[in-house]
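# Architecture and fold: a report
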Amino acid sequence: MEAVRIDHVHLRIPEDELEHAIEFYQGLLGFQIGGFDEYERGETPIFHVRLAPETIIHIRPTDDFVHPERQNFDHLAIILEADIEDVKQELEDAGVIIEREGTPDGATGEAPAIYVRDPFGYLIELKEPVETA
């Protein structure tokens with residue numbers, strides 16, 4: 001068996017905090033929201049955040065949401081097409097707390113990254129693309 005890529009990650013959020021999800025993922029991070037009209041019409045229990053042409057985050061609003069704990073979930077890493085210092089400044093200007101910074105290794109190699117929490121407690125690693133020689 002050979003994997004090609006991760007297609008999606010599925011995150012639960014509190015049902016009464018939809019606007020926080022949209023504000024964070026679309027407003028602050030600049031990702032597109034999809035499937036929201038279908039969600040609002042009750043045709044599907046989820047909507048999604050498009051990270052790249054072939055990668056999304058499913059968002060499932062639920063009334064039995066439980067905040068993620070480190071022993072259950074650590075973080076989601078997203079490679080951005082941006083200088084991490086520019087992203088850091090933009091997020092700090094918007095009042096987002098940068099929990100930590102580093103140069104973690106990942107599937108594509110080591111690159112500068114920052115870590116922030118979304119409104120629901122999920123830790124998100126925002127990472128520069130790996131420089132290639």
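Our subject is the structure that appears above.
A brief structural summary. Note that this is a predicted model, so its numbers are computed, not measured.

Here the focus is the overall build of the protein chain. Across its full length, the protein chain carries 3 helices and 10 strands. Of the regular secondary structure in the protein chain, the N- to C-terminal order runs β-α-β-α-β-β-β-α-β-β-β-β-β. In terms of its C-alpha atoms, the protein chain occupies a principal-axis envelope of roughly 50 × 45 × 30 Å. Sorting the 133 residues of the protein chain into buried and exposed places 37% on the buried side. For the protein chain, restricting intrachain contacts to residue pairs at least 6 apart in sequence, the fraction spanning at least 24 positions comes to 49%. As presented, the protein chain carries roughly 8,400 Å² of accessible surface, and 47% of it is formed by carbon and sulfur atoms. Looking at charge distribution, the protein chain has the averaged site of its 10 positive side-chain charges lying 5 Å from that of its 31 negative ones.

This next bit is on the pairing of strand β4 (residues 55-62). In terms of residue burial, β4 counts as a mostly covered element, since 6 of its 8 residues are buried. Relative to β4, strand β1 (residues 8-14) is paired through 7 bridges, and the arrangement is parallel. Bridge pairing in β4 links Arg-12 to Arg-60. Pairing between strand β3 (residues 47-52) and β4: 5 bridges, direction antiparallel. From the neighbouring strand, Phe-47 faces β4, where its bridge partner is Ile-59. Joining the antiparallel neighbours β3 and β4 is a turn of 2 residues.

Its location among the elements puts Gln-32 in strand β2 (residues 32-34). Along the sequence, Gln-32 and Leu-11 sit 21 residues apart, while their C-alpha atoms lie 16 Å from each other. Discounting residues that sit within four places of it in the chain, Gln-32 has contacts with His-48, Val-49 and Arg-50.

We now examine the sheet that holds strand β6 (residues 100-102). Taken in spatial order, the 4 strands make up an open sheet running β5-β10-β9-β6, and their pairing is mixed. Among the strands making up the open sheet, the edge pair consists of β5 (76-79) and β6. Averaged over all neighbouring strand pairs, the angle between strand axes comes to 25°, with direction disregarded. Two strands pair when backbone bridges link them, and β5 and strand β10 (residues 123-127) are joined in this way by 4 bridges, in the parallel orientation. Bridging across to β10, Ile-78 finds its partner in Leu-126.

The next subject is the packing of aromatic side chains. Under the defined criterion, the tally for this structure stands at 6 aromatic pairs. Aromatic side chains Phe-36 and Phe-47 sit 5.0 Å apart centroid to centroid with 85° between the ring planes, which places their arrangement in the edge-to-face category. Of this pair, Phe-36 sits in helix α2 (residues 36-40) while Phe-47 sits in strand β3, and the two are 11 residues apart along the sequence. Both residues of the pair, Phe-36 and Phe-47, count as buried. Relative to Tyr-122, the ring of Phe-73 has its centre 5.3 Å away and its plane inclined at 80°; by these criteria the two rings are edge-to-face. Of this pair, Phe-73 sits in the loop between β4 and β5 while Tyr-122 sits in the loop between β9 (113-117) and β10, and the two are 49 residues apart along the sequence. Residue Phe-73 is classed as partly exposed on the basis of its relative accessible area, which comes to 23%.

Rules behind the numbers
- Residue positions are counted from 1 within each chain, in the order its sequence is given.
- It should be noted that, the model being predicted, local features are given only for residues of pLDDT at least 70 and side-chain atom pairs only at 80 or more, the latter also being counted only at that level, while totals for whole chains, interfaces and linings use all residues.
- Heavy atoms throughout the structure, all of them, feed into the side-chain values; hydrogens and water do not.
- Runs of E in the DSSP output that reach at least two residues are strands. Runs of H or I that reach at least four are helices, and both are numbered from the N terminus.
- Relative accessibility thresholds used throughout: buried, under 20% of the residue-type maximum; exposed, over 50%; partly exposed, between the two (1.4 Å probe, protein chains only).
- Contacts are residue-level and defined by heavy atoms, with any inter-residue pair within 4.5 Å sufficient.
- Using a 1.4 Å probe, the Shrake-Rupley method yields the accessible areas, and only the shown protein chains count as cover for residues.
- By the counting rule applied here, Lys and Arg register as positive and Asp and Glu as negative, while His and the ends of each chain are not counted.
- Each charge is placed at NZ for Lys, CZ for Arg, CG for Asp and CD for Glu.
- Note on pairing: two strands pair once DSSP finds at least 2 bridges between them.
- Helix axes are fitted only over the stretch in contact, all axes being lines through C-alpha atoms; the angle between N-to-C directions runs from 0 to 180 degrees.
- Two aromatic rings from Phe, Tyr or Trp, using only the six-membered ring of Trp, form a pair when their centres are within 6.5 Å; if the ring planes differ by under 30 degrees the pair is stacked, by over 60 it is edge-to-face, and anything between is tilted.

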